[in-house]
Amino acid sequence: SDIEEVGRILHQVDGRNGVIMKVESLNEADKLRAYVHTLRSSIAELRDVIEQLKISDAHQTITSITDLDVYFSEKKVRLEAELQALKV
């Protein structure tokens, strides 16, 4: 599996198995490090987006709703009333 392969490569990079690393292994390790760096950057960006969403008005509204059925029923009644008022 990929996880086993990553572990094998990292083990070789650390030099714990006494095997002389091949150039391909070094390149693979560098690629893995770059990929890990990219993933960490993506995670940081996603955390920022999540934090922005948490403070948004939409999130505040959604999290304040205790019963979605009641909320949407009331919303429907209000919108229908507004529609009728616009038709007059």
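Residues numbered from 1 in each chain as written. Predicted model: local features only at pLDDT ≥ 70, side-chain atom pairs only at ≥ 80, totals over all residues. Heavy atoms only, no water.

### Focus: the overall build of the protein chain
Next up, step 1: Of regular secondary structure, the protein chain possesses four helices and zero strands.
Next up, step 2: Mapped from its N terminus to its C terminus, the protein chain presents α and β elements in the order α-α-α-α.
Next up, step 3: The buried share among the 88 residues of the protein chain stands at 7%. (Helix = DSSP H or I, 4+ residues; strand = E, 2+ residues; numbered from the N terminus. Buried < 20%, exposed > 50% of the residue type's maximum accessible area, 1.4 Å probe, protein only.)

### Digging into the pattern of salt bridges
Next up, step 1: Inspection of the entire model under this criterion finds two salt bridges.
Next up, step 2: Arg-33 is paired through a salt bridge with Asp-30; the nearest N and O atoms lie 3.6 Å apart. Placement of both Arg-33 and Asp-30 in helix 2 (residues 23-54) is noted, with a separation of three residues, approximately one turn of the helix.
Next up, step 3: Using a relative accessible area of 45% as the deciding quantity, one classes Arg-33 as partly exposed.
Next up, step 4: Since its relative accessible area comes to 46%, Asp-30 is described here as partly exposed. (Salt bridge = Lys/Arg side-chain N within 4 Å of Asp/Glu carboxyl O.)

### Looking at helix 4 (residues 68-87)
Next up, step 1: With 20 residues, helix 4 should cover 28 Å at 1.5 Å per step; its first-to-last C-alpha distance of 28 Å lies within 8% of that length.
Next up, step 2: N-cap assignment for helix 4: the residue whose side-chain oxygen lies 3.0 Å from the backbone N of Asp-69 is Asp-67. (Expected span 1.5 Å × (residues − 1). Polar contact = N/O pair within 3.5 Å; in protein donor to acceptor, adjacent residues only side chain to side chain.)

### Section: the packing of aromatic side chains
Next up, step 1: Counting across every chain of the model gives one aromatic pair.
Next up, step 2: Look at Tyr-71 and Phe-72: their rings are 5.1 Å apart centre to centre, the planes differ by 80°, and that puts the pair in the edge-to-face class.
Next up, step 3: Judged by its relative accessible area of 23%, Tyr-71 is partly exposed.
Next up, step 4: The class for Phe-72 is exposed, based on a relative accessible area of 53%. (Phe/Tyr/Trp six-rings, centres within 6.5 Å; stacked < 30°, edge-to-face > 60°.)

### Focus on the confidence of the model for the protein chain
Low-confidence regions, as indicated by low pLDDT, have predicted coordinates that should not be scrutinised in detail.
Next up, step 1: Per-residue pLDDT for the protein chain averages 82, and the proportion of residues at 70 or more is 75%.
Next up, step 2: Counting contacts from residues 16-21, a segment whose pLDDT is below 50, to residues more than four positions away or on other chains yields six contacts. (pLDDT = per-residue confidence, 0-100. Contact = heavy atoms within 4.5 Å.)

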